[in-house]
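Coordinate inspection notes
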Amino acid sequence: MTVALPVAASRKDDFPGLAGNWAYLDTAATAQKPQVVIDAIAKAYGPDYATVHRGVYERSATMTLRFEEARESVARFIGAASASEIVFVRGATEGINLVAQSWGQRLVAGDRILLSALEHHSNIVPWQLLRDRTGIEIDVAPLTVDGRIDVDALEALLTPRTKLVSIAHVSNVLGSVADVARISRAAHAAGALVLVDGCQAAARIVIDVQALGADFYVFSGHKLYGPTGIGVLWGRADLLDSMPPWQGGGAMIETVSFEKTTYAPPPQRFEAGTPHITGVMGLAAAIDYVQAIGIEAISAHEATLVKAARAALSRINSVTLFGPDDSAGILSFAIEGVHPHDIGTILDESGVAIRAGHHCAQPLMNVLGVPATARASFGVYNDLDDVARLAAGVERVTRIFGTGSK
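Let me sum up the structure you'll find in this document. (Residues numbered from 1 in each chain as written. Predicted model: local features only at pLDDT ≥ 70, side-chain atom pairs only at ≥ 80, totals over all residues. Heavy atoms only, no water.)

What the 7 strands build is an open sheet, ordered 2-8-7-6-5-3-4; its pairing is mixed. In the strand order of this sheet, the two ends are held by strand 2 (86-89) and strand 4 (137-141), each with one partner. Put simply, the sheet's adjacent strands are angled 20° from each other on average, direction ignored. (Pairing = 2+ DSSP bridges. Helix = DSSP H or I, 4+ residues; strand = E, 2+ residues; numbered from the N terminus. Axes fitted to C-alpha atoms, helices over the stretch in contact; angles between N-to-C directions.)

In structure tokens form, the structure reads like this:
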């Protein structure tokens, strides 16, 4: 079946990991890698390989230049004011932990951090660890009926003791998009900062951190069609400059003696040790790849797929769909009387790969009233054939477990 989509030509041929008759619907967990990213990593490990920021020989100087050009590319991609606001980390999880460990040192007992009920564990546990060390308190904003952060309720929870609001830009379970700009305005009016987990947003929607009004923004490379082990923490320059280092080692210093050490300015202050050089090269190639397609085109493409998937699954008996109708590339669902792991296993027999489980969002599962969900998530390489295979696979599940179509 050939159907025109906003991303007109099928992108499957760009992705060697999709060889064979495989419908990969787990992009929210990790995206497949286009050949250009694989080639960029191979080149960085091969004929271009050298360390950065340390060598005076030509290849090291060239690799250092490319490394810093990649930082500038990331800054442009998210609308940062300067490349010096871009800190390379292992992933969004490390970025959030960096903020908690460094900026969080200024918090004292009684200060409050405000999260939402749909957060990933990586945006819950670091703040709990900080709470256990310092005595801060954590508030949780509820959700609307269709699975969005309830901004009215969030605003009501803000107090003069609220120091940070930390929320997901796009839910990894529901695909709901937060109104970050409004949340930022409310938080700032109350004297709080805003951290945004952009893992699911970076490859799906246009990001402009300055227009959003955020103070910190994090995302991981591997969900953006890039390599694992690399991610980004963006922070406002004045905030990063005020934060102490969270790890010590080479590259993050100005001078070292046994009596005293002085530290480099951001971002180097937060990049101790030899960085993930090849990961940065791969991330830059991934950003080039998605920009060549166009984030707006990707958003429209995934919206078409989600709409089609919701329509197809809603016609199947005993299927419950979660999240809003306009979710960003992600659709979670349940089948009455069938564990999501069984759904995932049966779909795998048909060559359809989905995620099944709590998606590192156990508090959200409690809100939804289920132990786990099945989740289909789309990328640039998916098409309506994949949606049809998903629907056919779910119908097969209902036949095996004795339910039927509406």
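Counting residues in each nonpolar core, the largest one holds 75 residues, and the members touching the most others are Ile-78, Ile-86, Phe-88, Leu-154, Val-165, Tyr-217 and Leu-224. If you tally residues by element for this core, the top one is helix 9 (residues 277-293), at 9 residues. Among all residues touching Phe-88, those that are not within four sequence positions of it are Phe-67, Ala-70, Arg-71, Val-74, Ile-230, Gly-231, Val-232, Glu-271, Val-280 and Leu-283. Within the second largest apolar cluster, 27 residues are counted, among which are Leu-313, Ile-354, Phe-378 and Ala-391. (Core = buried A, V, L, I, M, F, W, Y, C linked by side-chain atoms within 4.5 Å. Buried < 20%, exposed > 50% of the residue type's maximum accessible area, 1.4 Å probe, protein only. Contact = heavy atoms within 4.5 Å.)

Here Ala-83 lies in the loop between helix 2 (58-78) and strand 2. Placed 11 residues apart in sequence, Ala-83 and Glu-72 show a C-alpha to C-alpha distance of 4.9 Å. When residues no more than four places from it in sequence are discounted, the contact partners of Ala-83 are Arg-71, Glu-72 and Ala-75.

Residues Pro-266 and Pro-267 are joined by a peptide bond in cis, for which omega reads 0°. Checked against the element boundaries, Pro-267 lands in the loop between strand 10 (261-263) and helix 9. If you check the backbone angles, His-53 has positive phi at about 65° while not being a glycine. Tracing the chain through its elements places His-53 in the loop between helix 1 (35-45) and helix 2. By relative accessible area, which is 39% here, His-53 ends up partly exposed. Even without being a glycine, His-359 presents a positive backbone phi close to 60°. Assignment of secondary structure puts His-359 in the loop between strand 14 (355-357) and helix 12 (362-368).

Another point: the packing of helix 10 (residues 295-314) against helix 13 (residues 384-400). Axes are the key here: two packed helices are described by the angle between their axes and the distance separating the axes. Here helix 10 crosses helix 13 at 25°, and the two axes come no closer than 10 Å. For the element pair helix 10 / helix 13, the angle class is roughly parallel. Where helix 10 crosses over helix 13, the handedness of that crossing is right-handed. Residues Leu-305, Ala-308, Ala-309, Ala-312 and Leu-313 of helix 10 touch helix 13, and the partners they reach there are Leu-384, Val-387, Leu-390, Ala-391 and Val-394. (Parallel < 35°, antiparallel > 145°, perpendicular 65-115°, else oblique. Left-handed = near helix turned anticlockwise from the far one by under 90°.)

All quantities given are derived from atomic positions and should not be read as evidence of function.
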